[in-house]
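Chain residues, written in single-letter form:
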Amino acid sequence: MTEAILLVGGKGTRLRPLTVHTPKPMVPAAGVPFLTHQLARARAAGVEHIVLATSYLAEVFEPYFGDGSALGLHIEYVTEEEPLGTGGAIRNVASRLRSGPDEPVLVFNGDILTGLDIGALVRTHETSGADVSLHLTQVSDPRAYGLVPTDGTGRVLAFLEKPQTPEEIVTDQINAGAYVFRRSVIDTIPAGRVVSVERETFPGLLEAGAHLQGMVDSTYWLDLGTPAAFVRGSADLVLGKAPSPAVPGRCGDRLVLPTARVAPDAKLEGGTVVGEGAFVAEGARVFGSTILPGAVIEPGAVVTDSLIGTRARVGERAVLTGAVIGDGAVVGARNELREGVRVWCDARIPAGAVRFSSDQ
């Protein structure tokens, strides 16, 4: 298995305002665009040729990654004029594949951070003789996911969308977003229209008698679709909980990139990242957060589990917990922002304007 398709066309609406100017796979996680971690792990597993299926803000990928040679890869780019869904995107890039009809092609989603043993998934595919093999992971609460029950040999029995009652929860195994396709199966996906592999392609193959194999791998797995999950994923990369050969530094409590400045008495913990050109001032405390390039954390500010956008500013003694601050936004001094708040790009919050506690 030497080639792969990486689906990076989504708009990342759940991550806004992070994705207003930047496609989700290009938002920095542990100091580099998240996509870099996926590409590096694919290369480490033996992949040499990757086709990026792009759509939203497609023009930003190639200037950054070029032909992929810096990562030891050959990267090609295919852009959808209109979003085609997961299956449609896979079919749309089929002409760029080089594999023979019976050879394996790795396909993975651009918003999943995982420690999946890619080689093991490919070996499972080859030894089982499957048409498609799926990475499955086990979750404690599967209600938000599609369930994938399997028999004793790992052969997929059904695809069950988001169960609503306890009786419908027949397994804790879910589709984890990485697949190995027999090359010829990709050509059977309808071309030129929206197709979902989860709702159309996989159930259709199962109904037609195809062999779909599941491999349960319950190592690290996180869907980075929400701001809270993205911040957590970045911190886990820095802490070494999530594996990646692309983290630009040693794993530990903090990752401070070149040209960033941190005051001697500022405290950085919990997998915090300080991006290039950013500044964390004296007395500031930052825990488990991502400070993007050029952002400023002023004296005495406390930032926890938050993401501070490019060139954004957090004022003196402001307290942020679980917040997302868009690019260029300014949070004035002494504001108090709590879980779930999103401050849009270039917004301005005056000093002391928002609080959840008294002013004493």
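Residues numbered from 1 in each chain as written. Predicted model: local features only at pLDDT ≥ 70, side-chain atom pairs only at ≥ 80, totals over all residues. Heavy atoms only, no water.

Residues spaced three or four apart along an α-helix point in a common direction, a consequence of the helix completing one turn every 3.6 residues. Listing the buried residues of helix α6 (residues 197-207) in full gives V197, T201, F202 and L205. Viewed along the axis of α6, the buried residues span an arc of 85 degrees, placing them on a single side of the element. Exposed residues pointing more than 90 degrees away from the buried face of α6 are listed as R199 and E207. On its buried side, α6 packs onto α3 (85-92), β8 (132-138), β9 (173-182), α5 (183-186) and β10 (212-216). Trailing α6 by a residue or two, G209 shows a phi angle of about 90 degrees, which is positive. (Buried < 20%, exposed > 50% of the residue type's maximum accessible area, 1.4 Å probe, protein only. Helix = DSSP H or I, 4+ residues; strand = E, 2+ residues; numbered from the N terminus. Arc of directions from axis to C-beta. Contact = heavy atoms within 4.5 Å.)

All right, on to the side chain of S196 then. Among the secondary structure elements, S196 is positioned in the loop between α5 and α6. In this structure the side chain of S196 is engaged in a polar contact, spanning 3.0 Å, whose partner is the side chain of E198. Ignoring any residue separated from it by four or fewer positions in sequence, one finds S196 in contact with T86, G87 and T201. (Polar contact = N/O pair within 3.5 Å; in protein donor to acceptor, adjacent residues only side chain to side chain.)

Before going further, it helps to spend a moment on the sheet that holds strand β28 (residues 348-349). Taken together, 6 strands build an open sheet; the order of strands is β13-β16-β19-β22-β25-β28 and the sheet is parallel. Edge strands, defined here as strands with exactly one partner in the open sheet, are β13 (261-262) and β28. Sheet analysis places strand β22 (residues 313-314) next to strand β25 (residues 330-331), joined by 2 bridges and oriented parallel. Within β25, the residue paired with R313 across the bridge is V330. (Pairing = 2+ DSSP bridges.)

Inspection of the entire model under this criterion finds 12 salt bridges. Residue K267 pairs with E269 through a salt bridge whose shortest N-O separation is 3.9 Å. The exposure class of K267 is partly exposed, given its relative accessible area of 44%. Measuring nitrogen to oxygen at the nearest pair gives 3.6 Å for the salt bridge that ties R355 to E336. Separated by 19 residues along the polypeptide, R355 in the segment after β28 and E336 in strand β26 (residues 336-337) bring together distant segments of the chain. Among the residues examined, E336 registers a relative accessible area of 9% and is labelled buried. (Salt bridge = Lys/Arg side-chain N within 4 Å of Asp/Glu carboxyl O.)

A few words on empty space enclosed by the protein. What the rule picks out here adds up to 1 cavity of 30 Å³ or more. The space that makes up the largest cavity amounts to roughly 190 Å³. Counting only elements with at least two residues in the lining of the largest cavity, the list comes to α1 (34-44), β6 (104-109), β7 (112-114) and β9. When residues of the lining of the largest cavity are assigned to their parent elements, the largest contribution, 5 residues, is made by α1. Partitioning the lining of the largest cavity into residue classes produces 10 nonpolar, 6 polar and 1 charged. (1 Å grid on protein atoms, 1.4 Å probe; cavity = no way out; pocket = protein on both sides within 12 Å on 5 of 7 lines; lining within 4 Å. Points joined across faces, edges and corners; volume = space filled by probe spheres on them. Nonpolar A, V, L, I, M, F, W, Y, C, P; charged D, E, K, R; others polar.)

Function cannot be read off these values alone, since they describe shape.
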